[in-house]
Amino acid sequence: MTIEVRPASDFADTAAVIGPKSPTATVCWCLSYRIPSALNNELRGPARGEYVAGLCRGAVPPGVLAYDGDEPVGWAAVAPRAETSFARSRKIPHVDDLPVWSLWCVRVRPGHRGQGVSHALIAGAVEFARERGAPVVEAYPLDNGDARVDLTMAYPGLRGNFERAGFVHAADTTSVLAGHPRVLMRRDLR
């Protein structure tokens, strides 16, 4: 399998990875950290997909997609931290005042896991941010050690995968997800 990572500018491909099976379902669409909570609560059913379609058409797509040939097999959300709820988080600290980008979701479609897709997504998200002038990319993965993680709650990624991608531990957080602490990892691009 050869994985290619591209900007998520194709809405149909983005929907294939992060959209619900039912268009009327109100699911994340990877908007929870991207938009203010009031808007997140207001957008229901198809309105969530319509919002993401607008992001895909924007000057800066909302993240990157991994492809196996023409098939979209994975997604990573990456954007300037200032445009996310991480800019205001009380649980995830700011290490400095650099205009960092946040990488907060890595999702691989069933049937494609265990084939290096998440590693390609992390590398592709870093390159996407670098090409847009990011001095640093931050991630907030689970620090699970050797413990297994429920895949539905592994969306922030795992610390070990970010370490393999050149990220270093920058700070502990008070955020906990699926019983595992999250840590702040950074990759300096300067």
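Computed from a predicted model, the values in this text were never measured in an experiment.

Caption draft 1: Layout of the sheet that holds strand β7 (residues 180–188). The strand order β1-β2-β3-β4-β5-β7-β6 describes an open sheet built from seven strands, whose pairing is mixed. Edge strands, defined here as strands with exactly one partner in the open sheet, are β1 (3–7) and β6 (168–177). Going across the sheet, the axis of each strand differs from the next one's by a mean of 25°, ignoring polarity. Two strands pair when backbone bridges link them, and β6 and β7 are joined in this way by six bridges, in the antiparallel orientation. Residue pairing across strands places Val176 opposite Pro181, the latter belonging to β7. Lying over the sheet, helix α1 (residues 11–18) contacts β2 (63–68), β3 (71–80) and β4 (101–108), oriented at roughly 95° with respect to β3. Along the sheet, helix α4 (residues 117–131) makes contact with β1, β2, β3, β4, β5 (136–139) and β7, crossing β4 at roughly 150°.

Caption draft 2: The arrangement of the packing of aromatic side chains in detail. Within the structure shown, the criterion is met by seven aromatic pairs. Consider the rings of Phe86 and Trp104, whose centres lie 6.1 Å apart with planes at 55°: the pair is tilted. With a gap of 18 residues between them, Phe86 in the loop between β3 and β4 and Trp104 in strand β4 connect regions that are remote in the sequence. Trp104 shares its class with Phe86; the two are buried. Pairing Trp101 with Phe128 gives two aromatic rings, centres 6.1 Å apart and planes at 75°, and the pair type is edge-to-face. Of this pair, Trp101 sits in strand β4 while Phe128 sits in helix α4, and the two are 27 residues apart along the sequence.

Rules used in this analysis
- Residues numbered from 1 in each chain as written.
- Predicted model: local features only at pLDDT ≥ 70, side-chain atom pairs only at ≥ 80, totals over all residues.
- Heavy atoms only, no water.
- Pairing = 2+ DSSP bridges.
- Helix = DSSP H or I, 4+ residues; strand = E, 2+ residues; numbered from the N terminus.
- Axes fitted to C-alpha atoms, helices over the stretch in contact; angles between N-to-C directions.
- Contact = heavy atoms within 4.5 Å.
- Phe/Tyr/Trp six-rings, centres within 6.5 Å; stacked < 30°, edge-to-face > 60°.
- Buried < 20%, exposed > 50% of the residue type's maximum accessible area, 1.4 Å probe, protein only.

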